[in-house]
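Understanding the architecture of this molecule
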Amino acid sequence: MDTTDSAITFDECGVCDHCRDFQENVSPNWHTDERGRAELSAIIDQVRKAGKGHDFDCLLGLSGGLDSSFMLHCLVKDFGLRPLVFHVDGGWNSDLAVNNIQMLVEKLGLDLFTEVIDWEDMRDFQLAFFKSGISQIDIPQDHAFIATLYKFANRYNVKYIMNGGNIATEGVRNPLEWLYYGTDMWLINDIRKRFCTRPLTHYPFSSVLFHKFYLRYLRGVQVVRPLNYMPYSKDLAINTLRNEYGWRAYPQKHFESRFTKFFEGYWLPTRFGYDTRKVQFSSLILTGQMTRNEALEKLKVPAYDPSTIDDEFAYIAKKLGISVEELRRYHTMPLKSYKDYRNQEALFRMGAKVLRAVGIERSIKR
């Protein structure tokens, strides 16, 4: 991490606050040994008990990415659970992601439930975020995934949601100025009001109070991150999935989506100077999966292929129903921040302090 994160601070030894936070708050409370396995085993017993008499034990959102795919493998092969595999199709799945998902569910003998987001609503919502000028133009896709999953759990009284989020590959979090909260309804509604051309009546919305408070404390829905209780690494996951299912890796984390590949690989670094690989590589360095020199060498090469970026612009523009020229105008328009719109940052910060105080959250997002 460097000063493209404008809030970064360094101590007298040149160690940044991301590293200090990991070493002081995350690592001491991260147990992947026998203690972690025992804790996970107890949770799995509760999940199995809750699923007794039902068609499935838990809900698992599968994007086709590495973490959720490996988690699905472990839940079925190692713990014998019966997850309902839930996929949200926002219109941007890569062919590789579709193939990876299909191979996994077929070889594990599972059913796949797919929720397709209304494309005209998604398209209009994404264009609104382009027009807003802010960095986090992937909120429409992210929010749809979260909202659809939680609404399904609420509708069918599912008590456990399995989440592939993990410390091993995500111990360092993206700064807010890079990737702001995707469930801030004040921000979303302000941008909708200013830039959307349709009411988005078919798009799923979910406020943070709905899934963080109502579902958790009133409906008893628990989100479990199994990968945090076991030894986990990027190489272990890739090798296991490749050998057992023929799963193929993506060039970069989150590149299972064509839109996210364009957004994180090209849009963020060239328009704002934010390279999310710095966050991803920092996590791998802190967990002993990569050296700093290896990371610096990889960062010398852009995340996108300069020889194909014109084709990517053409694909994204055509999919969104606009001209390439219009898309390029959004790329060069004045930079905006989420702070230029109504937002609930104060509420999120207060919630983060509470979660850290009670030990639910360890790492910072600032």
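Remember, it's a predicted structure, so these values are computed and weren't measured experimentally.

**Topic: the sheet that holds strand β4 (residues 160-162)**
- One open sheet accounts for five strands, arranged β3-β2-β1-β4-β5; its pairing is parallel. Among the strands making up the open sheet, the edge pair consists of β3 (112-116) and β5 (222-224). In this sheet, adjacent strand axes meet at a mean angle of 30° when their direction is disregarded.
- The sheet contact formed by strand β1 (residues 58-61) and β4 spans two bridges and is parallel.

**Considering the pattern of salt bridges**
- By the definition in use, this model includes 16 salt bridges.
- In this structure, Lys-278 and Asp-2 form a salt bridge, with 2.8 Å as the shortest nitrogen-oxygen distance. A residue pair is termed long-range when its members are at least 10 positions apart, and Lys-278 in helix α12 (residues 277-286) and Asp-2 in the segment before α1 (17-26) qualify at 276 residues.
- Its relative accessible area of 16% is what places Lys-278 among the buried residues.
- Residue Lys-300 is joined to Glu-297 by a salt bridge in which the shortest nitrogen-to-oxygen separation is 2.8 Å.
- Through salt bridges that share partners, Asp-5, Asp-17 and Arg-366 make up one connected network.

**A look at the packing of aromatic side chains**
- Overall, the coordinates contain 31 aromatic pairs when judged by the stated rule.
- When the ring of Phe-86 is compared with that of Phe-152, the centres are 4.9 Å apart and the planes differ by 55°; the resulting orientation is tilted. One end of the pair, Phe-86, is in strand β2 (residues 83-89); the other, Phe-152, is in helix α6 (residues 139-155), and 66 residues separate them in sequence.
- A relative accessible area of 2% means that Phe-86 is categorised as buried.
- Ring geometry for Trp-247 versus Tyr-250: centroids 5.6 Å apart, planes at 85°, classification edge-to-face.
- When its relative accessible area of 3% is taken as the criterion, Trp-247 is described as buried.
- Exposure remark for Tyr-250: the relative accessible area of 13% places this residue in the buried category.
- Among the aromatic residues, those joined into a ring-pair cluster are Trp-92, Trp-119, Phe-130, Phe-259, Phe-262, Tyr-266, Trp-267, Tyr-304, Phe-313, Tyr-315 and Tyr-330.
- The residue whose ring lies beneath Lys-319 is Trp-119, and the NZ or CZ to ring-centre distance is 4.8 Å.

**Topic: helix α15 (residues 324-332)**
- Among all positions in α15, only Glu-326, Leu-327, Tyr-330 and His-331 are buried. Axial view of α15: buried residues confined to an arc of 150°, hence all on one face. Away from its buried face by more than 90 degrees, α15 exposes Glu-325, Arg-329 and Thr-332.
- Residues of α15 that are buried in the fold lie against α5 (119-132), α11 (258-272) and α14 (309-320).

**Some words on the side chain of Glu-312**
- Mapped onto the fold, Glu-312 is located in helix α14.
- What Glu-312 contacts, discounting residues up to four positions off in sequence, is Arg-258 and Phe-262.

**Comments concerning the pairing of β2**
- β2 sits mainly inside the fold: six of its seven residues count as buried.
- Direction of pairing for β1 relative to β2: parallel, over a ladder of four bridges. Pairing of Cys-58 across the sheet is with Pro-83, part of β2.
- A crossover connection joins β1 to the parallel β2 through helix α3 (residues 66-77); in handedness this β-α-β unit is right-handed.
- Pairing of β2 with β3, which is carried by five bridges, proceeds in the parallel orientation. The residue bridging Phe-86 from the neighbouring strand is Phe-113, located in β3.
- Each parallel crossover has a hand, and for β2 linked through helix α4 (residues 95-107) to β3 it is right-handed.

**With respect to the nonpolar core**
- Counting 60 residues, the largest nonpolar core has Leu-59, Trp-267 and Leu-327 as the members making the most contacts within it.
- For this core, the elements supplying multiple residues, two or more each, are β2, α5, α6, α8 (185-195), α9 (208-218), α11, α14 and α15.
- With seven residues, α11 is the largest single contributor of residues to this core.
- By size, the runner-up hydrophobic cluster in this structure holds 38 residues, among which are Leu-110, Met-162, Leu-241 and Tyr-250.

**Overview of helix α2 (residues 34-51)**
- A rise of 1.5 Å per residue sets the reference length of α2, with its 18 residues, at 26 Å; its end C-alpha atoms lie 25 Å apart and thus fit the reference within 8%.
- All buried positions along α2 are accounted for by Gly-36, Leu-40, Ile-43, Ile-44, Val-47 and Gly-51. Buried residues of α2, seen end-on, are gathered within an arc of 105° and therefore sit on one face of the element. Along α2, exposed side chains directed more than 90 degrees from the buried face belong to Glu-34 and Lys-49.
- Where α2 is buried, its residues meet β1, α3, β4 and β5.
- The N-terminus of α2 is capped by Asp-33, whose side-chain oxygen sits 3.1 Å from the backbone nitrogen of Arg-35.
- One or two residues past the end of α2 sits Gly-53, with phi positive at roughly 85°.

Conventions and cut-offs
Residues numbered from 1 in each chain as written. Predicted model: local features only at pLDDT ≥ 70, side-chain atom pairs only at ≥ 80, totals over all residues. Heavy atoms only, no water. Pairing = 2+ DSSP bridges. Helix = DSSP H or I, 4+ residues; strand = E, 2+ residues; numbered from the N terminus. Axes fitted to C-alpha atoms, helices over the stretch in contact; angles between N-to-C directions. Salt bridge = Lys/Arg side-chain N within 4 Å of Asp/Glu carboxyl O. Buried < 20%, exposed > 50% of the residue type's maximum accessible area, 1.4 Å probe, protein only. Phe/Tyr/Trp six-rings, centres within 6.5 Å; stacked < 30°, edge-to-face > 60°. Lys NZ or Arg CZ within 6 Å of the ring centre and 35° of its normal. Arc of directions from axis to C-beta. Contact = heavy atoms within 4.5 Å. Right-handed = clockwise from strand over helix to strand, strands pointing away. Core = buried A, V, L, I, M, F, W, Y, C linked by side-chain atoms within 4.5 Å. Expected span 1.5 Å × (residues − 1). Polar contact = N/O pair within 3.5 Å; in protein donor to acceptor, adjacent residues only side chain to side chain.

These figures capture arrangement, not role.
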